[in-house]
Amino acid sequence: MGLALLEVASLHKTTYMKLKPSIVQQLEEKRRQARLGGGQERIDAQHTKGKLTARERLEVLLDPDSFEEYGMFVEHRSHDFGMENKRNPGDGVVTGHGTINGRLVFVYSQDFTVLGGSLSETNAKKICQIQDMAMKVGAPLIGINDSGGARIQEGVDSLGGYGEIFWRNVHASGVVPQISLIMGPCAGGAVYSPALTDFTFMVKGSSYMFVTGPDVVKTVTHEEVDSETLGGASTHTQRTGVADLAFDNDIDALLQARRLFNFIPANNREGVPTRSTMDPSDRIDLSLNTLIPDNPNKPYDMRELVMSIVDEHDFFEIQPDYAKNILIGFGRIDGASIGIIANQPMFLAGCLDIEASRKAARFVRFCDAFSIPIVTFVDVPGFLPGVDQEHNGIIKHGAKLLYAYAEATVPKITVITRKAYGGAYIVMNSKHLKGDINYAWANAEIAVMGAKGAAEILFKNSTNGDLEKKTAEYIDKFSTPFVAASRGFIDDVIRPQNTRWRISRALSLLKNKKVERPWRKHDNLPL
Ligand code: HXC
């Protein structure tokens, strides 16, 4: 037998050390302990509040059996205030990765059953580790928040942990999508992590976010307010815009996070996710021909148009209860994700105001950062007039939307359905801000202002009958899309029924769009 064969034979004879049953048992026992978090009693308390536990939430969020956990046995190292007797494996946060519909995602889920999910030095390190991993491999990050905030026994170590998390949130911004799900308390400085992420969901009745809670508010300003009113899901999805969507319970929120995830890319280089669709891209919709009422001052629901043009009428709306005069959200055309921004004539006649400008600007920037083409539907009579708007800085806030559109380099398509007046016409992804393909429906009006108001200014010294005649003349000349089209500000005037396939063709034309910009350290957008 040659030497080589001998070696092979001896290899086969090698005996390997078997894991002793007691070690396997020990491992299983340790895992069981870790899975119990703060213990059955606290798990029951969590359920009594209508909340799932940290691990149950991950089960709903992720594909079955896809979760792989890190740091299950990590413990804190604090000895102050009796903490040496309060050690739980995992230290109050479950971290790892899994998949959502087969696509990789990094996750952390704060475990309220362990010291109220409070953030310790070691617990923060676990979160930072998965933030770093998400950046390294280019996958989105979803954080589930349910925490009493900084671990009071650890003091500044805990604060440092928050700082590290925030730093990573900032540097991941625009590189990988970040989603925050608030499913319990999120107070003090802790709120700044969700605020730095791209999307925030809340659960009605069981989650709240505020910088200072009701007690501090009462002491400082003598205002009496409860947690729900101060920072509950309704407050943040309707008044402040801090959160994007509110759900009735944990399960709804988690399932909708899965749905949102399906629309967004894994990172800023991968391009949009696509999926096969049975919805033909050349589908025409005759009902759109009668969407616009005869009376130009009558509202109609822009959502109908949005639903009509996207694949299978599947529109994922973001912030539906905040700044309702503008719609934002995701859909697909030809199976590929697009971002949609649309004035909504049902509210404030579709005017742009402070909230609408901020809402749409941030969405445009998200789409641009992650190479999601933007489709804009315009029916805007202008900026909302008012002392309140002016004194609260509509100039700066309106500029945010203008800025966002002007700097975006993704494919940008605009369809003007009815009115596009004044400054708002320019802001809503006009040709002048480098909209790539701009269409107008045949009945659209593109003008400095509405015909009646314009005629009243121009012909203010005219007699009544004369004014009517002159208004009619003005309408005849300017209340059409053809003047703008004759200047090249509109690429084509289209029939409403053809909107979907015209957009689809424009998107495929722009697939390889590339724009170079001169070097700069970074821009200075109006904040
Ligand atoms: C340590 C905490 C904790 C915390 C809760 N626990 N918050 N332990 N540090 N921050 C513990 C409780 O002592 C309790 O332990 C267990 O978690 C469950 O809490 P309960 O109070 O029984 O629950 P509940 O009645 O539901 O009230 C939840 C709560 C309350 C509203 C969150 O616990 C609370 O007010 N906690 C303190 C919140 C806070 O002030 N955090 C610091 C914020 S400042 P036992 O063993 O008794 O069951 C901050 C700065 C961050 O976070 C700055 C970053 C830049």
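Refer to the structure printed above.
Residues numbered from 1 in each chain as written. Predicted model: local features only at pLDDT ≥ 70, side-chain atom pairs only at ≥ 80, totals over all residues. Heavy atoms only, no water.

Side note on empty space enclosed by the protein
Keep this limit in mind: The method works on a 1 Å grid over the protein atoms by themselves. A cavity is a set of points holding a 1.4 Å probe that cannot get out, a pocket is an open set with protein on both sides within 12 Å along at least five of seven lines, and residues with an atom within 4 Å of a point line them. Grid points are joined across faces, edges and corners, and a volume is the space filled by probe spheres set on the points. Helix numbering and strand numbering both begin at the N terminus, where a helix is a DSSP run of H or I of at least 4 residues and a strand a DSSP run of E of at least 2. Only Asp, Glu, Lys and Arg are considered charged, only Ala, Val, Leu, Ile, Met, Phe, Trp, Tyr, Cys and Pro nonpolar, and every remaining residue, Gly among them, polar.
Taken as a whole and assessed by the stated rule, the structure comprises 5 cavities of 30 Å³ or more. If you go around the largest cavity, you meet 13 residues; those closest to its centre are Tyr108, Gln110, Asn145, Tyr162 and Ala190. Sorting the residues of the lining of the largest cavity by element identifies strand E3 (103–110), helix H6 (156–172) and strand E6 (185–187) as the ones contributing at least two each. Tallying contributions element by element places E6 first for the lining of the largest cavity, with 3 residues. Partitioning the lining of the largest cavity into residue classes produces 9 nonpolar, 4 polar and no charged. There is about 50 Å³ of room inside the second largest cavity. Lining of the second largest cavity is provided by Ala34, Gly37, Arg55, Glu69, Pro89, Gly90, Asp91, Gly92, Val93, Val94, Asp111 and Val114. Classifying every residue of the lining of the second largest cavity by side-chain character gives 5 nonpolar, 3 polar and 4 charged.

Points about the sheet that holds strand E9 (residues 245–247)
What counts is decided by this rule: When DSSP finds at least two bridges between two strands, those strands are taken to pair. Here the axes come from fitting lines to C-alpha atoms, over the contacting stretch only for helices, and the angles between their N-to-C directions go from 0 to 180 degrees. We call two residues in contact whenever any of their non-hydrogen atoms come within 4.5 Å of each other.
Within the open sheet, the 7 strands sit side by side as E1-E2-E3-E4-E5-E7-E9. Their pairing is mixed. At either end of the open sheet lies a strand with only one pairing partner, and these are strand E1 (68–70) and E9. Each strand axis lies, on average, 20° off the axis of its neighbour in the sheet, ignoring direction. In this sheet, strand E2 (residues 93–100) lies alongside E1 in antiparallel orientation, the contact comprising 3 bridges. Across the sheet, residue Glu68 finds its bridge partner in E2, namely His97. In this fold helix H11 (residues 250–263) packs onto E2, E3, strand E4 (141–145), strand E5 (178–182), strand E7 (199–203) and E9, with an angle of close to 160° to the strand it touches most, E7.

Examining the site of the ligand
We apply this condition: Near residues are defined by distance, with any heavy atom within 4 Å of the molecule or strand qualifying the residue. For this analysis, a polar contact is any N or O atom pair within 3.5 Å, provided that within protein one partner can donate a hydrogen and the other can accept it, and provided that sequence-adjacent residues contribute only side-chain to side-chain pairs. Where accessible areas are quoted, they stem from the Shrake-Rupley method and a 1.4 Å probe; at the residue level, only the protein chains shown are allowed to cover.
The immediate surroundings of the ligand are formed by 19 residues, with Arg42, Gly116, Gly148, Ala150 and Ile152 found nearest. Separating an oxygen atom of the ligand from a side-chain N or O atom of Arg42 is a distance of 2.7 Å. Computed on the free molecule, the ligand has an accessible area of 1000 Å², of which 55% lies beneath the protein chains in the complex. Every element with two or more residues in the shell around the ligand is listed here: H6 and E6. The biggest single contributor to the shell around the ligand is H6, with 3 residues. Residue classes in the shell around the ligand are distributed as 10 nonpolar, 6 polar and 3 charged.

Observations regarding the packing of helix H4 (residues 54–61) against H11
The following threshold applies: Any angle between 65 and 115 degrees counts as roughly perpendicular, while under 35 counts as roughly parallel, over 145 as roughly antiparallel, and the rest as oblique. Take the far helix as the reference: if the near one is turned anticlockwise from it by less than a right angle, the crossing is left-handed, and if turned clockwise, right-handed.
One can describe the packing of H4 onto H11 by two numbers: an axis separation of 9 Å at closest approach and a directional angle of 40°. Looking at the two axes, H4 sits oblique to H11. At the point where H4 passes H11, the crossing takes the right-handed sense. Along the contact surface, H4 presents Arg57, Val60 and Leu61, while H11 presents Asp250, Ile251, Leu254, Leu255, Ala257 and Arg258. Within the contact of H4 with H11, the residues separate by chemical class into 6 nonpolar, no polar and 3 charged.

Let's talk about the nonpolar core
Put simply, the test is: The nonpolar core is taken to be a set of buried Ala, Val, Leu, Ile, Met, Phe, Trp, Tyr and Cys residues, with the residues joined through side-chain atoms within 4.5 Å. Buried, partly exposed and exposed residues are distinguished by accessible area as a fraction of the type maximum, computed with a 1.4 Å probe on protein chains only: under 20%, between the cut-offs, and over 50%, respectively.
Ranked by size, the top nonpolar core spans 64 residues in total, and within it Leu61, Phe330 and Ile341 carry the most contacts. Here the element with the most residues in this core is helix H13 (residues 354–369); it accounts for 7 residues. Those residues in contact with Ile341 that sit more than four places away from it in its chain are Ile326, Leu327, Ile328, Ala360, Phe363, Val364, Ile374, Val375, Thr376, Phe377, Tyr405 and Met428.

A few points about helix H17 (residues 451–458)
Our working rule: Summarising the geometry, the arc corresponds to the directions from the helix axis toward the C-beta atoms.
Those residues of H17 that sit buried are Ala451, Ala454 and Ala455. Down the axis of H17, the buried side of the element spans an arc of 95°, and every buried residue falls inside it. With respect to the buried face of H17, the exposed residues turned more than 90 degrees away are Lys452 and Ile457.

Topic: the packing of aromatic side chains
Rules: Pairing of aromatic rings covers Phe, Tyr and Trp, the last through its six-membered ring, and needs centres within 6.5 Å; plane angles under 30 degrees mean stacked, over 60 mean edge-to-face, and all others mean tilted.
Per the stated rule, a full pass over the model turns up 10 aromatic pairs. Relative to Phe166, the ring of Tyr162 lies with its centre 5.9 Å away and its plane at 35°, an arrangement referred to as tilted. Remark: Phe166 and Tyr162 occur in helix H6; sequence separation between them is 4 residues, near one turn of the helix. For the pair Tyr162 and Phe166, one class covers both residues: buried. Ring geometry for Phe330 and Phe366: centres 6.1 Å apart, planes at 70°, overall edge-to-face.

Concerning the pairing of strand E15 (residues 437–441)
This is how the line gets drawn: Handedness of a crossover: with both strands directed away from the viewer, a clockwise path from the first strand across the helix to the second marks it as right-handed.
Of all 5 residues making up E15, 5 are buried, and the element is well covered by its neighbours. Burial along E15 is two-sided: the residues Ile437, Tyr439 and Trp441 and Asn438 and Ala440 are all buried. With 4 bridges joining them, strand E14 (residues 412–421) and E15 adopt parallel strand pairing. For Ile416, the partnering residue across the bridge sits in E15 and is Ala440. Note on the crossover from E14 through helix H16 (residues 422–427) to E15: the handedness is right-handed. Looking at chain direction, E15 and strand E17 (residues 492–494) are connected through 3 bridges and run parallel.

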